[in-house]
Amino acid sequence: MEQLFSKAKGDRWIWIIVLILSGWSLLAVYSSVGTLAYKEGKGTEMYLLKHFSIIAIGFVLMYFSHKVDYRYYAGISKLLMLITIPLLLYTLLFGSKVNDASRWVTIPVINQTFQTSDLAKLALITFLARMLSRKQEEIKDVKKSFVPIMGSVCVIFVLIALANLSTALMLFGVSILLLLIGRISFKQIAVVSLGVGFLLSLVILFGPRRQTYYSRIKSFFKTEEVHTEERVSFQDDKNYQANNAKIAIATGGVFGKGPGNSMQRNVLPHPYSDFIFAIIIEEYGTIGGVILLTLYIVLMYRCIRIVTMSPRAFGAFLAAGLGFSLTIQALANMAVAVGLGPVTGVPLPLVSMGGTSILFTSVALGIILSVSRNIEELKGKEELEEKAKPKKVVVGTLA
C-alpha cells in the first residue's frame, strides 16, 4: 500500500475513498445485473468483467490526469468548450434516443454509446474556473466578466436541459455556487436565475419531454392509490420504480439481507444504475447506506480542504466545482432512491454501472488530485528551503 501511494500523489483520503467506492461498485453491480443478463441472454460474469474493465480504465485516466499539472487544464477547458457545444447540438438532432431522450452519441467503430452531458459538465466547470480566476480584477464588470461567464452557463444549460433536465439543473446549481465563490454579484446572479427559471418553464411546458416531466412531478407530489377492485397491476402504477425502491430500503432493515440477497433487483427497472443505492441498502442495511453517504461527505470535505490550501485561484475553483458536482450528483441519486425527489436518470458516481459516467468522474477526480499534488510539492519545496537556510547563531555574553 505504501508503494502504491508513493506513485500516486495527492490527497491519500481521496484515493482511499475511490478504492472503496470502486470495490463496492463491483459487488453491487454484480449482484444487480441478474435480470439484465437474463433478458440479454448473457452471463452475469460478462457484465462484471465489463464493469471491472471500465473501472480499471478509469483508474488509468485518474492516474494520468493527476500527473498533469492542473494549470494545463485552463487551456484545455477552452478547447473542450469549443468541442462540447456543437457536440451537444449534434446529440439533440442526431443522437441515439433512449426513452424519448437524445442523450447519447453512438461511436461507429466500436458501436458504443457516449453521453455528451458528462463531457459538458467537465468542460463547463473547468472553463468557469479559468474565467473566474482570470477575471478577478474586473469581476464586477458586467460586459467583461459577467456576460461571457453567464453566457457559457446558459448555453450549456439549455442544450442539456432539452434532453436531460436533472443533469442540467444540477450543473446550473454547481455553476451558481462557483460564481458565488468567485465574487460575482448576488444581484446579477439573481437576475440570471430568473431568466433561467423562465427557460426552465419553457422546457417543461413545451420541450420534447414535457409529458415525462409532468408525469414524474405529478407522481412525486401525488401518489396514486392502486385499487384492488379495479384490478390495476402494480406494474401499471406511475410510482412503480419509487415504490419498489422504498420496499428494498424497508426490507433491508438496519443490517441488510447480505450481499447478493436482494429481491427487488428482480423487479426494479434499473437496479444497477439509477436505483443502485436502494439495492445497497437492501443488501447492506441502513448501516451500509450511512457508510456510503459518509464516504461522499468525506470526499467533499477533502475537496474543500484542498480549496482552502490552494495558493492559486484556478486550483481552488477547480477543486470546488468538481467536488460540488460529484457530491451533489451523489446526493441527488440517493434522494431519488429514498423518495425525497422525483425519479431521474442520475447515476451514483463511481458506483452505478456505466461507461462515460465512470470515465469522466475518474478524470474529474484526477484533476482534483492534481491540485492536491501541486499543494504537496509547493509545501515540500518550502520545507526544503527552510532547512537550507543557515541557522543564526546567538552568541551570549558573560556577566
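The name given to the chain in an unreviewed UniProt entry is Probable peptidoglycan glycosyltransferase FtsW, with Sphingobacterium spiritivorum ATCC 33861 as the source organism. You can read under Sequence similarities (unreviewed entry) in the UniProt record for the chain the words "Belongs to the SEDS family. FtsW subfamily." According to its UniProt record, the chain has this under Subcellular location (unreviewed entry): "Membrane".

As a further point, take the packing of aromatic side chains. Throughout the structure, instances matching the rule amount to 4 aromatic pairs. Ring centres of Trp24 and Tyr284 lie 5.5 Å apart, and the angle between their planes is 80°; on these two criteria the pair is classed as edge-to-face. With a gap of 260 residues between them, Trp24 in helix α2 (residues 12-32) and Tyr284 in helix α12 (residues 276-309) connect regions that are remote in the sequence. Classification of Trp24 as buried rests on a relative accessible area of 12%.

A few words on a nonpolar patch on the surface. A grouping of Phe198, Leu202, Leu205 and Phe206 is seen on the molecular surface, where their side chains present a nonpolar patch of about 450 Å² in accessible area. Relative to the assigned elements, Leu202 resides in helix α9 (residues 186-206). Residue class for Leu202 comes out partly exposed when judged on its relative accessible area of 34%.

Take helix α5 (residues 72-94) next. Each α-helix winds once per 3.6 residues, and so residues spaced three or four apart point in a common direction. Over its 23 residues, α5 runs 32 Å from end to end, which matches the ideal 33 Å to within 8%, given 1.5 Å per residue. What α5 keeps buried is the set Tyr73, Ala74, Ser77, Leu80, Met81, Thr84, Leu88 and Thr91.

This model, assessed by the stated rule, comprises 6 salt bridges. Two residues, Arg71 and Asp69, come together in a salt bridge whose shortest N-O distance is 2.7 Å. Among the residues examined, Arg71 registers a relative accessible area of 40% and is labelled partly exposed. Overall, the relative accessible area of 19% leaves Asp69 in the buried class. One salt bridge connects Asp118 with Lys121, and the closest N-O pair in it is separated by 3.6 Å. Highlighted residues: Asp118 and Lys121, both in helix α6 (residues 116-134), separated by 3 residues, approximately one helical turn. For Asp118, a relative accessible area of 7% translates into the label buried.

In this structure's numbering, the residues bearing the UniProt feature "transmembrane region" (unreviewed entry) are residues 12-34, 46-64, 76-95, 149-182, 189-207, 275-301, 313-338 and 350-371. Measuring from the first to the last C-alpha atom of residues 76-95 gives 25 Å, for a span that is 95% helix and 0% strand. What you have in residues 350-371 is 73% helix and 0% strand, and the ends, taken at the C-alpha atoms, are 20 Å apart.

Another aspect to go through is the nonpolar core. Core analysis: the largest hydrophobic core is formed by 101 residues, its most contacted members being Leu292, Leu348 and Leu365. In terms of residues, this core owes the most to one element, α12, which gives 14 residues. Here this core gathers at least three residues from each of two domains, domain 1 (1-67 + 263-376) and domain 2 (71-222).

Procedures and definitions
- Residues numbered from 1 in each chain as written.
- Predicted model: local features only at pLDDT ≥ 70, side-chain atom pairs only at ≥ 80, totals over all residues.
- Heavy atoms only, no water.
- UniProt positions renumbered as here; feature names shortened; annotations may be inferred.
- Phe/Tyr/Trp six-rings, centres within 6.5 Å; stacked < 30°, edge-to-face > 60°.
- Helix = DSSP H or I, 4+ residues; strand = E, 2+ residues; numbered from the N terminus.
- Buried < 20%, exposed > 50% of the residue type's maximum accessible area, 1.4 Å probe, protein only.
- Patch = residues over 30% accessible without salt bridge, like charges linked within 9 Å, V, L, I, M, F, W, Y side chains within 5 Å.
- Areas by Shrake-Rupley, 256 points an atom, 1.4 Å probe, with all protein chains shown as cover.
- Salt bridge = Lys/Arg side-chain N within 4 Å of Asp/Glu carboxyl O.
- Expected span 1.5 Å × (residues − 1).
- Core = buried A, V, L, I, M, F, W, Y, C linked by side-chain atoms within 4.5 Å.
- Domains from an automatic or database assignment.

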